[in-house]
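Per-entry structural report
So you can see what is in the structure, the chains are spelled out below.
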Amino acid sequence: MLILNETQLVLTGATSLDECCPYCAKALGAYPLISSDETWPCVYHAACAIQLATDILVDLFTFLSPPPPSGPFFTLSASCEAAHPQGESYALNESQRD
Ligand SMILES: [Zn+2]
């Protein structure tokens, strides 16, 4: 959630701009701020939230497409037969995709 004023900041559970950003450990200080829905009531500087999101995307991309000589850890597919060999298959037939 984007936080632009004290009313919105109080709704996140934070009490003041003197609280520290969990990413950079500096006082929040000024708006705009961003609150995490997942780790309530964490409030970040907007720039720190962007940096954190970028770090997560880079880590996720590296996990899914590791650089050589490492191969991919797994491959995503539409078929669930490998995960559920005796169970119901959740893969869509060509006729079900439309
Ligand atoms: Zn910060």
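Fair warning: this is a prediction, and the values are worked out from it, not measured in the lab.

1. Digging into the overall build of the protein
- Of the regular secondary structure elements, the protein holds two helices and three strands.
- By residue count, 10% of the 98 residues in the protein fall in the buried class.
- Taking the intrachain contacts of the protein between residues at least 6 apart in sequence as the baseline, contacts between residues at least 24 apart amount to 38%.

2. Some thoughts on the environment of Pro-22
- Following the sequence through the fold, Pro-22 ends up in the loop between α1 (6-11) and β2 (33-35).
- It is 7.0 Å that separates the C-alpha atoms of Pro-22 and Cys-42, two residues lying 20 residues apart in sequence.

Rules used in this analysis
Residues numbered from 1 in each chain as written. Predicted model: local features only at pLDDT ≥ 70, side-chain atom pairs only at ≥ 80, totals over all residues. Helix = DSSP H or I, 4+ residues; strand = E, 2+ residues; numbered from the N terminus. Buried ≥ 20, exposed ≤ 12 C-beta atoms within 10 Å, placed from the backbone. Contact = placed C-beta atoms within 7 Å.

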